[in-house]
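Here is how the chains run, residue by residue.
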Number of protein chains: 2
Amino acid sequence: MHLFNLKIIKKQYLALGMLVFVVLFLFNSKPAFQCQLTPDSSAYLPTIYGITPTYARLAQKADLTRLSQTLMLVKNFHWIVIEDSASKTKLVENLLKESNLKYTHLNVKTDKPKGSSMNGPNVCLLKSRKFNATTALCASGVEQRNMALDWLRGHLRSPEGTPGVVFFMDDDNTYALKIFDEMRKIKRVGVWPVGIVGGMRVEMPLVTDGKVSGYNAVWKPYRPFPIDMAGFAINATLFLDFPEAKFSRKVQSGFQESEILKYVVTQQELEPLAENCTKVYVWHTRTQKPSIISPKKLKKPLVPDNHIEV
Amino acid sequence: MHLFNLKIIKKQYLALGMLVFVVLFLFNSKPAFQCQLTPDSSAYLPTIYGITPTYARLAQKADLTRLSQTLMLVKNFHWIVIEDSASKTKLVENLLKESNLKYTHLNVKTDKPKGSSMNGPNVCLLKSRKFNATTALCASGVEQRNMALDWLRGHLRSPEGTPGVVFFMDDDNTYALKIFDEMRKIKRVGVWPVGIVGGMRVEMPLVTDGKVSGYNAVWKPYRPFPIDMAGFAINATLFLDFPEAKFSRKVQSGFQESEILKYVVTQQELEPLAENCTKVYVWHTRTQKPSIISPKKLKKPLVPDNHIEV
């Protein structure tokens, strides 16, 4: 009897040990599980396809650097960067590689009309002297964005293609993280205010009963969609539904946004985001063009610095 | 004898069970342990005290937003933001709160000399017409940076004070993440090249045998330290060793950097970083001043937008 009790006690110890083990295992596994959940759960978020045309200039690396550092904080982001160049540059290639972002690197040289300068008549049909004439009013990035859309259509049809939204991002604009959360709600096309653009503090859609009823815009307010490129995003599947949707060099400056939007949406269908278009989460910032002193004007020659990438 | 064997076997099972438990526990705890290590290990990194003076303007929120998003990726960073204003603004206060960064928010209104405009003789002793005369050559942020240094001295003497480096950061400059890794190596004062500043692609210290032997600089090359504010960081303890070290309004424009450095270091002691001053990890970018159309000039009145923060 005594021996029998001992056996039972042994079994109880064993059972207790197992119980302690199970409890400790579960308790301990909790933080591990939490840590592992983070990357997995983001897989269910709609992908954001950010399309960024870029071109060589002195502040290019600075602008791409700070934009890439914002994008590092965005989950499920796929950056499509298209250089306006005959071949891919080492500068952009290395920057993308070192960013650890998911990216696609493309290039296409803008087809300059024969006999015209960069600001020639076919590139900028109308020029305004009111504000930022040389920087804001010349259509740029048309070929680059169209190439990105071609790539995107192929990608979406492939097994790697994931549902998501398309956002056209200039490399020197400013994007608060909140705008990326907003655009994941999009069913068709989402819109929101843009700060410091078109001669205004804020250019924005006006909302009545949850629908876009008009726009606060002073620059070419007769545009079908008086919205800046940073002020909307489009459900990616619409680019499969409308395979002809693309940008065009043949439209008046400032009409690129209206050009692409006319294919995929009507004003009545626009989805106002950013708290019914009352918050500014994107700004059409421009980086000041640097003034560089000509080396010929220097009294004393300097140590050469051409080997240093800026 | 049979019973005795059974007891031994039971004990062996128990021991085996315990062993399995210990192995599983350790195995399972590994990822949890890794996850928890990340924040702890950064506690041993030197703190970076980033000192940023800021002032109200249309692009302020945009500039602070993208800078804050870069800083979110920097470990052990403490942001000291000093507004040039009589009282703290809601805009900066909310931005700092929502950033989740470790920060200290201060304010001090720049003491404008009586009878002088912002560009008056006591503020800008010398004006150059060569480049960016109005933005680059006027001493700004003197009172703000000095207030931050006063706060820092108190903080370093308190139990919360941690060793680290002090970096003076303009709110519209561009900082690649690599520069923060570099400056944690500093013993006394570290220096590195700065992109797009002083009329150059890159203004930089010249290095011979691991020591600074001169500078590539064309703007006021006679400055004791011809280095931009973004081109150096200082070991924080030096501000306790030299309690008199501060910026001054009484020096020629462009001499602020030399003014603070002269207290704490000699050229011979400078530590060249960024691969012996051959890499550009910071850029003196400037955000273009926006052109806003006067509401009086509009043909059609707009919906008021003053309630919207930009």
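Calculation notes
- Chains are numbered independently. Their residues run from 1 in the order of the written sequence.
- By the order in which they are written, chains take letters starting at A while ligands take numbers starting at 1.
- Only residues with pLDDT of 70 or above have their local features reported here, since the model is predicted, and side-chain atom pairs are shown and tallied only from 80 upward, although totals for entire chains, interfaces and linings are computed over all residues.
- To obtain the side-chain values, all non-hydrogen atoms of the structure were included, while hydrogens and water were left out.
- A run of H or I in DSSP counts as a helix once it spans at least four residues, and a run of E counts as a strand once it spans at least two, with each numbered from the N terminus.
- Residue exposure (1.4 Å probe, protein chains only): buried if accessible area is under 20% of the type maximum, exposed if over 50%, otherwise partly exposed.
- The accessible surface values rely on the Shrake-Rupley method and a 1.4 Å probe; as for residues, cover is taken only from the protein chains in view.
- Within a predicted model, pLDDT stands for the predictor's per-residue confidence, ranging from 0 to 100.
- Working rule for contacts: check all heavy atoms of both residues, and any pair within 4.5 Å makes them a contact.
- Salt bridges are defined as contacts in which a side-chain nitrogen from Lys or Arg sits within 4 Å of a carboxyl oxygen from Asp or Glu.
- Pairing between two strands is assigned when DSSP locates at least 2 bridges connecting them.
- The handedness of a crossover follows from its direction of travel: if, with the strands pointing away from the viewer, the path from the first strand over the helix to the second runs clockwise, the crossover is right-handed.
- Structural elements are reduced to axes, namely lines fitted to C-alpha atoms, with helices fitted over the stretch in contact, and the angle between N-to-C directions of any two is expressed from 0 to 180 degrees.
- Note on angle classes: values under 35 degrees are labelled roughly parallel, values over 145 roughly antiparallel, values of 65 to 115 roughly perpendicular, and the remainder oblique.
- Whether a crossing is left-handed or right-handed is set by the direction in which the near helix is turned from the far one by less than a right angle, anticlockwise for left-handed and clockwise for right-handed.
- This arc is built from the directions going out from the helix axis to the C-beta atoms.

1. Some remarks on the overall build of chain A
Now for step 1: Counting its secondary structure elements, chain A contains 9 helices and 12 strands.
Now for step 2: Counting the 310 residues in chain A, one finds 52% classified as buried.
Now for step 3: By element, 58% of the accessible surface of chain A is carried by carbon and sulfur atoms, the whole surface being about 15,600 Å².

2. A closer look at the confidence of the model for chain A
Residues and elements named next belong to chain A.
Now for step 1: Here chain A shows a mean pLDDT of 86. Residues at 70 or above account for 78%.
Now for step 2: In this model, residues 29–38 is a region of pLDDT below 50 whose contacts with residues beyond four sequence positions or in other chains number 9 contacts.
Now for step 3: Counting interchain partners and residues more than four positions distant, the pLDDT-below-50 stretch residues 115–137 has 34 contacts.
Now for step 4: In the predicted assembly, ipTM is 0.82 and pTM is 0.83.

3. Thoughts on the pattern of salt bridges
Pairs can form between side chains of opposite charge whenever their charged atoms are close.
Now for step 1: In total, this model carries 34 salt bridges over all chains according to the counting rule given.
Now for step 2: Across the salt bridge formed by A:Glu259 and A:Lys262, the nearest N and O atoms sit 3.4 Å from each other. Residue A:Glu259 and its partner A:Lys262 are both found in helix α8 (residues 256–264); the two are separated by 3 residues, about one turn of the helix.
Now for step 3: Among the residues examined, A:Glu259 registers a relative accessible area of 10% and is labelled buried.
Now for step 4: Across the salt bridge formed by B:Arg145 and B:Asp170, the nearest N and O atoms sit 3.3 Å from each other. Taken together, the residues span a long stretch of sequence, with B:Arg145 in helix α5 (residues 142–157) and B:Asp170 in the loop between β4 (164–168) and β5 (174–175) at a distance of 25 residues. Residues B:Arg145 and B:Asp170 agree in their burial class; the two are buried.
Now for step 5: Through salt bridges with shared partners, a single ionic network connects A:Arg57, A:Asp63, A:Arg66 and A:Asp171.

4. Re the pairing of strand β3 (residues 102–107) of chain A
Moving residue by residue along a regular strand, the side chains alternate between the two faces of the sheet.
Residue and element names in this part refer to chain A.
Now for step 1: Bridging between strand β2 (residues 77–83) and β3 involves 6 bridges; their strand directions are parallel. Each bridged residue has a counterpart across the sheet, and for His78 the counterpart in β3 is Lys102.
Now for step 2: Each parallel crossover has a hand, and for β2 linked through helix α3 (residues 90–99) to β3 it is right-handed.

5. Digging into the packing of helix α2 (residues 60–71) of chain B against helix α3 (residues 90–99) of chain B
Residues and elements named next belong to chain B.
Now for step 1: As a packed pair, α2 and α3 sit with axes 11 Å apart at the nearest point and diverge in direction by 15°. Taken together, α2 and α3 sit at an angle that is classed as roughly parallel. Like other packed secondary-structure pairs, α2 and α3 cross with a definite hand, here right-handed. Across the interface between the two elements, Gln60, Lys61, Leu64, Thr65 and Ser68 from α2 touch Leu91, Val92 and Leu95 from α3.

6. Comments concerning the sheet that holds strand β1 (residues 47–54) of chain A
Residue and element names in this part refer to chain A.
Now for step 1: The 7 strands lie next to each other as β3-β2-β1-β4-β10-β6-β11, forming an open sheet whose pairing is mixed. Two strands close off the open sheet at either side, each with one partner strand: β3 and β11 (271–272).
Now for step 2: As paired elements, β1 and β2 share 7 bridges and run parallel to each other. Within the sheet, the bridge partner assigned to Tyr49 lies in β2 and is His78.
Now for step 3: Each of β1 and β2 is contacted by helix α2 (residues 60–71), which is oriented at about 165° to β2, the strand it contacts most.

7. Details of α3(B)
Residues and elements named next belong to chain B.
Now for step 1: Residues of α3 that are buried: Leu91, Val92, Leu95, Leu96 and Ser99. Axial view of α3: buried residues confined to an arc of 125°, hence all on one face. Projecting away from the buried face of α3 at angles above 90 degrees are the exposed residues Lys90 and Glu98.
Now for step 2: Against α2, β2 (77–83) and β3 (102–107) lie the buried residues of α3.

8. Brief notes about the sheet that holds β2(B)
Residues and elements named next belong to chain B.
Now for step 1: Read from one edge of the open sheet, 7 strands run β3-β2-β1-β4-β10-β6-β11, paired in mixed fashion. Two strands close off the open sheet at either side, each with one partner strand: β3 and β11 (271–272).
Now for step 2: In terms of strand pairing, strand β1 (residues 47–54) meets β4 through 5 bridges, oriented parallel. Across the sheet, the residue bridging to Ile51 is Phe168, located in β4.
Now for step 3: Sheet strands touched by α3: β2 and β3. Its angle to β3, the strand with the most contacts, is close to 170°.

9. Describing α3(A)
Now for step 1: Against α2, β2 and β3 of chain A lie the buried residues of α3(A).
Now for step 2: After α3(A) finishes, the residue A:Asn100 shows a positive phi value of roughly 65°.

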